[in-house]
Amino acid sequence: MTVFLCYKCGTAIWPELAELAAVPDVSDDERGRDKGTRRAPAIVPRGHYAIDPEPWGPPYVLQDDQEDPKPAQSRGPVVCREEGFVISAGSRHTGLVHPDDAAGLHPLPNWENSNGCCGPTGDEGLNWACPCGAPVATLAADCFGPFELHLDPVRTYAFSQ
């Protein structure tokens, strides 16, 4: 079992979690979304985590192919900014957990980096903090994207028992 800790204060900010061998596949089927929130099912089941090898979050760079854009990050939507379609050049190897397993975390003040229609899109950077106040994770929970919580690999670390 693995516990994730805050680099700033050392607090265990997640319960013991079992590692998945890979990030689970996601269905693009709109019928799987919650009828009330329009939120997608969580990527990772409760009590587990996976390491996402793909880039996640900012910074973003222009995509080479502006005629056939790809999603800005794994399991996310296509993102167009003023300069064109972008793709993540952010951190690789983020810990991916079920958002409900992070009950000790809280949104940044004034919901900083949490813009979205029905929840944060997750493409503006860290938006959840440890109880000590250190930003440590990015929640993606909008009605048109994935439902997942990414642990910053620089601001958290895993301790396996």
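Look above for the structure.
Rules and cut-offs
Residues numbered from 1 in each chain as written. Predicted model: local features only at pLDDT ≥ 70, side-chain atom pairs only at ≥ 80, totals over all residues. Heavy atoms only, no water. Salt bridge = Lys/Arg side-chain N within 4 Å of Asp/Glu carboxyl O. Helix = DSSP H or I, 4+ residues; strand = E, 2+ residues; numbered from the N terminus. Buried < 20%, exposed > 50% of the residue type's maximum accessible area, 1.4 Å probe, protein only. Core = buried A, V, L, I, M, F, W, Y, C linked by side-chain atoms within 4.5 Å. Contact = heavy atoms within 4.5 Å. Phe/Tyr/Trp six-rings, centres within 6.5 Å; stacked < 30°, edge-to-face > 60°. Lys NZ or Arg CZ within 6 Å of the ring centre and 35° of its normal. Pairing = 2+ DSSP bridges.

Under the defined criterion, the tally for this structure stands at five salt bridges. We note a salt bridge from Arg75 to Asp52, for which the minimum N-O separation is 2.7 Å. Here Asp52 lies in strand β3 (residues 48-52) and Arg75 lies in the loop between β4 (60-62) and β5 (79-81), a separation of 23 residues in the sequence. The salt bridge involving Glu148 is made with Arg75; its shortest N-O contact spans 2.9 Å. With Glu148 in strand β11 (residues 148-151) and Arg75 in the loop between β4 and β5, the pair connects residues that are 73 residues apart, well separated along the chain. According to the relative accessible area criterion, Arg75 is partly exposed, its value standing at 23%. Beyond isolated ion pairs, a larger network of salt bridges with shared partners links Asp52, Arg75 and Glu148.

Below, the discussion takes up the nonpolar core. Trp14, Leu105, Val136 and Leu149 are the most contacted members of the largest nonpolar core, which totals 19 residues. Counting residues per element, the ones that place at least two in this core are β1 (2-6), β10 (135-140) and β11. With residues up to four places along the chain from it excluded, the contact list for Leu149 reads Trp14, Gly95, Leu96, Val97, Pro99, Ala102, Leu105, Ala137, Thr138 and Leu139. Counting six residues, the second-largest nonpolar core is a separate cluster that includes Leu20, Val23, Ala50 and Leu96.

Turning our attention to the packing of aromatic side chains. All told, the structure shown has three aromatic pairs when counted by the stated rule. Note on Phe4 and Tyr49: the rings are 5.0 Å apart at their centroids and 85° apart in plane angle, and the pair reads as edge-to-face. With Phe4 in strand β1 and Tyr49 in strand β3, this pair connects stretches of sequence that are 45 residues apart. Tyr49 matches Phe4 in its accessibility class, with the two residues each being buried. Their ring planes at 85° and their centres at 6.4 Å tell us that Trp111 and Trp128 sit as a pair that is edge-to-face. Residue Trp111 is found in the loop between β8 (106-107) and β9 (128-129), and its partner Trp128 is found in strand β9; the two are separated by 17 residues along the sequence. One cation-aromatic arrangement involves Arg39 over Phe147; the distance from NZ or CZ to the ring centre is 4.5 Å. Sitting above the plane of the Tyr60 ring, Arg81 keeps its charged end 5.0 Å from the centroid.

The sheet built from seven strands is open, its strands ordered β2-β3-β7-β11-β10-β9-β8 with mixed pairing. Across the chains shown, the open sheet's two edge strands, defined by having one partner strand only, are β2 (18-19) and β8. Sheet analysis places β3 next to strand β7 (residues 94-97), joined by four bridges and oriented antiparallel. Within β7, the position partnered with Asp52 by the bridge is Thr94.

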